[in-house]
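Breakdown of the fold
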Amino acid sequence: MNAHFATEISISAASALTAGRLLFLRLAKRFPALAAWLMFFSAISFAVAVLSPKTPLYFRVYLVAIPLYCIFGIMAVRELFAVIFDHYPGIRTVGRWAMYGAIVLALIISSMATSLFWSRTAGSRLSRVLPGVYYLQLGHRSVTFGLAIVIISLLFSISRYPLHLSRNALVSCGFFGAVFLSDAAQSLADSLAPRLHNDYFDWGANFFVAAGLLAWAGWLQPETAPATVPLSYSTPAEDHLLQELASLNQLLSRAARR
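Residues numbered from 1 in each chain as written. Predicted model: local features only at pLDDT ≥ 70, side-chain atom pairs only at ≥ 80, totals over all residues. Heavy atoms only, no water.

A few words on the overall build of the protein. When its secondary structure is counted, the protein shows nine helices and zero strands. Seen in sequence order, the protein has helices and strands lined up from the N terminus as α-α-α-α-α-α-α-α-α. For the protein, with 258 residues in total, the buried portion stands at 44%. Sequence-distant contacts, at least 24 apart, represent 80% of the contacts inside the protein between residues at least 6 apart. Surface summary for the protein: the accessible area is close to 14,000 Å², and the carbon and sulfur share equals 68%. (Helix = DSSP H or I, 4+ residues; strand = E, 2+ residues; numbered from the N terminus. Buried < 20%, exposed > 50% of the residue type's maximum accessible area, 1.4 Å probe, protein only. Contact = heavy atoms within 4.5 Å. Areas by Shrake-Rupley, 256 points an atom, 1.4 Å probe, with all protein chains shown as cover.)

Shown next as structure tokens:
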């Protein structure tokens, strides 16, 4: 059993386990997009593990999987906005616009970087031999990094503001963010490699992703409906941050209505 097969199967099993935990704990109704992303991630990791890259079937699966991966990723990040800023509709709405803007900006930057630095790389040769695959990879990389920027901002918001999220929301946001950011780093490393893949980095990233998914599954817990958070008393500093967030929400709500 080679390292590629072992790491991809580990990701597939860990993703399926985490999705199963969401279903078993009846959390999939609260996190349907995350559950869908996990199930798709499990399926595509299994396919990558068992199919040979030299077969036509692998190529067909790749062409279908990349656009779907981008779609499921966008849906999952949209859901995180809804969960984190549930009580702040203005921030939620403008945040979604910002997410789409970040994806477009990442596409522009990625295209410019490609034209400047890929003249003598495997990416350049791929663009001449298989232009469809080349542009598919470019789109995937742009969506991945655009979403990575958004996820970093979401994790910053969780760390800065006392949003009083439930344990499962915090766990899901944190571990999904870590897993997705790891995938973004892996995509960057592969795009810069001479053959568009770096085996040792890929294997290490895969083990990290599998470990993160297993930890995500283990930290989920049963939850009553509606979700409850521990009773706590805010400090003056927390009150100031919440007022700051409320003011920003009012401002963005007015902007969104224009």
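Read on, since the account is not over.
Here Thr18 lies in helix 1 (residues 3–24). Given the relative accessible area of 0%, Thr18 is considered buried. Apart from residues lying up to four places away in sequence, Thr18 is in contact with Leu38, Leu213, Trp216, Ala217 and Leu220.

Moving on, we get to the packing of helix 1 against helix 8 (residues 199–219). Two numbers describe how helix 1 lies on helix 8: the axes approach to 8 Å, and their chain directions differ by 20°. On the basis of the axis angle, helix 1 is roughly parallel to helix 8. Taken as a pair, helix 1 and helix 8 cross one another with a handedness that is left-handed. Contacts between helix 1 and helix 8 involve Ala3, His4, Thr7, Glu8, Ser10, Ile11, Ala14, Ser15, Leu17, Thr18 and Arg21 from the former and Trp203, Asn206, Phe207, Val209, Ala210, Leu213, Leu214, Trp216, Ala217 and Gly218 from the latter. Considered class by class, the residues forming the contact of helix 1 with helix 8 number twelve nonpolar, seven polar and two charged. (Axes fitted to C-alpha atoms, helices over the stretch in contact; angles between N-to-C directions. Parallel < 35°, antiparallel > 145°, perpendicular 65-115°, else oblique. Left-handed = near helix turned anticlockwise from the far one by under 90°. Nonpolar A, V, L, I, M, F, W, Y, C, P; charged D, E, K, R; others polar.)

This part covers the environment of Ile44. Looking at the element boundaries, Ile44 is found in helix 2 (residues 32–50). The exposure class assigned to Ile44 is buried, which follows from its relative accessible area of 17%. Through-space distance from the C-alpha of Ile44 to that of Tyr69 is 8.9 Å; in sequence the pair is 25 residues apart. Those residues in contact with Ile44 that sit more than four places away from it in its chain are Val61 and Ala65.

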